[in-house]
Amino acid sequence: MKKVNQAALLIALAFSANVVLADIDLKSKDEVAGTWKLQSTKNTSSEKEAALPREDTWVFKDGKLTILHIPREGKYYDQPPVNYDVEEGKLKVSQVGSSRLDFFSLVEKSENKMILKGKFGGFFYFEKK
């Protein structure tokens, strides 16, 4: 019986330690439209380490996403525009040169800030430009 109580306590602690951010269903592409500076990324919302600083800017316009000012080996480049859409409340983004898609959930959005969660759980923190 003692082992059952310990297991129940561990499970309860595990659930209470995690911060749960509920996804917000997107209704249209217009909800993310505009120019967003990617401030940082984190692997999880409850990650204790500092977020990874970013320098790129995401431009959502007319069903196209263009990522600008991407640092690579001491230089910067711009990604060609790819299609994006909203499907089942999620942001669906084409990958450059591939038929694959990336899916993002909207976690939080205000007039000047937005948080997206990638399909594998990474969090993207944006500020409106």
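None of these values were measured; they are calculated from a predicted model.

Side note on the nonpolar core
In terms of nonpolar packing, the biggest core is built from 20 residues, with Trp58, Phe60, Leu65, Leu91, Met114, Leu116 and Phe126 touching the most fellow members. Ranked by the residues each element gives to this core, the list is headed by strand S7 (residues 82-87), at three residues. Once residues lying within four places of it in the same chain are set aside, the contact partners of Phe126 are Trp36, Lys37, Leu38, Gln39, Trp58, Asn112, Lys113, Met114 and Leu116.

Remarks on the side chain of Thr66
Assignment of secondary structure puts Thr66 in strand S4 (residues 64-68). Given a relative accessible area of 18%, Thr66 falls into the buried group. Non-local contacts of Thr66, meaning those with residues more than four positions away in its chain, are made with Thr57, Trp58, Val59, Gln79 and Pro81.

Focus: the packing of aromatic side chains
All told, the structure shown has six aromatic pairs when counted by the stated rule. Ring geometry for Trp58 versus Phe126: centroids 5.0 Å apart, planes at 70°, classification edge-to-face. On the criterion of sequence distance, the pair formed by Trp58 in strand S3 (residues 57-61) and Phe126 in strand S11 (residues 123-128) is long-range, its members being 68 residues apart. Relative accessible area serves as the criterion here: at 4%, Trp58 is assigned to the buried category. Ring centres of Phe104 and Phe124 lie 5.5 Å apart, and the angle between their planes is 80°; on these two criteria the pair is classed as edge-to-face. Taken together, the residues span a long stretch of sequence, with Phe104 in strand S9 (residues 101-109) and Phe124 in strand S11 at a distance of 20 residues. A relative accessible area of 7% places Phe104 in the buried class. Looking at Phe124, the relative accessible area reads 16%, which means it is buried. Among the aromatic residues, those joined into a ring-pair cluster are Trp58, Phe60, Tyr84, Phe104, Phe124 and Phe126.

Examining the pattern of salt bridges
One pass over the structure, following the stated rule, counts five salt bridges. The closest approach of N and O atoms between Lys92 and Glu87, which form a salt bridge, is 2.9 Å. What makes Glu87 partly exposed here is its relative accessible area of 35%. Note that Glu127 is salt-bridged to Lys113, the shortest N-O span being 3.2 Å. Of the two residues, Glu127 is situated in strand S11 and Lys113 in strand S10 (residues 113-118); the sequence distance between them amounts to 14 residues. Among the residues examined, Lys113 registers a relative accessible area of 45% and is labelled partly exposed. Through salt bridges with shared partners, one network takes in Asp23, Lys90 and Lys117.

As for the confidence of the model for the chain
Taken as a whole, the chain shows an average pLDDT of 86; of its residues, 83% reach a score of 70 or greater. Every residue in residues 12-19 is under pLDDT 50, and counting partners more than four places away or in other chains gives two contacts.

Thoughts on the layout of surface pockets
Its boundaries defined by the atoms lining it, the largest pocket holds a volume of some 180 Å³. Lining the largest pocket are Trp58, Leu65, Ile67, Gln79, Val82, Val93, Ser94, Gln95, Val96, Asp102, Phe104 and Phe124. Secondary-structure elements contributing two or more residues to the lining of the largest pocket are S4, strand S8 (90-94) and S9. Looking at the lining of the largest pocket residue by residue, the class counts come to eight nonpolar, three polar and one charged.

Cut-off values and rules
Residues numbered from 1 in each chain as written. Predicted model: local features only at pLDDT ≥ 70, side-chain atom pairs only at ≥ 80, totals over all residues. Heavy atoms only, no water. Core = buried A, V, L, I, M, F, W, Y, C linked by side-chain atoms within 4.5 Å. Buried < 20%, exposed > 50% of the residue type's maximum accessible area, 1.4 Å probe, protein only. Helix = DSSP H or I, 4+ residues; strand = E, 2+ residues; numbered from the N terminus. Contact = heavy atoms within 4.5 Å. Phe/Tyr/Trp six-rings, centres within 6.5 Å; stacked < 30°, edge-to-face > 60°. Salt bridge = Lys/Arg side-chain N within 4 Å of Asp/Glu carboxyl O. pLDDT = per-residue confidence, 0-100. 1 Å grid on protein atoms, 1.4 Å probe; cavity = no way out; pocket = protein on both sides within 12 Å on 5 of 7 lines; lining within 4 Å. Points joined across faces, edges and corners; volume = space filled by probe spheres on them. Nonpolar A, V, L, I, M, F, W, Y, C, P; charged D, E, K, R; others polar.

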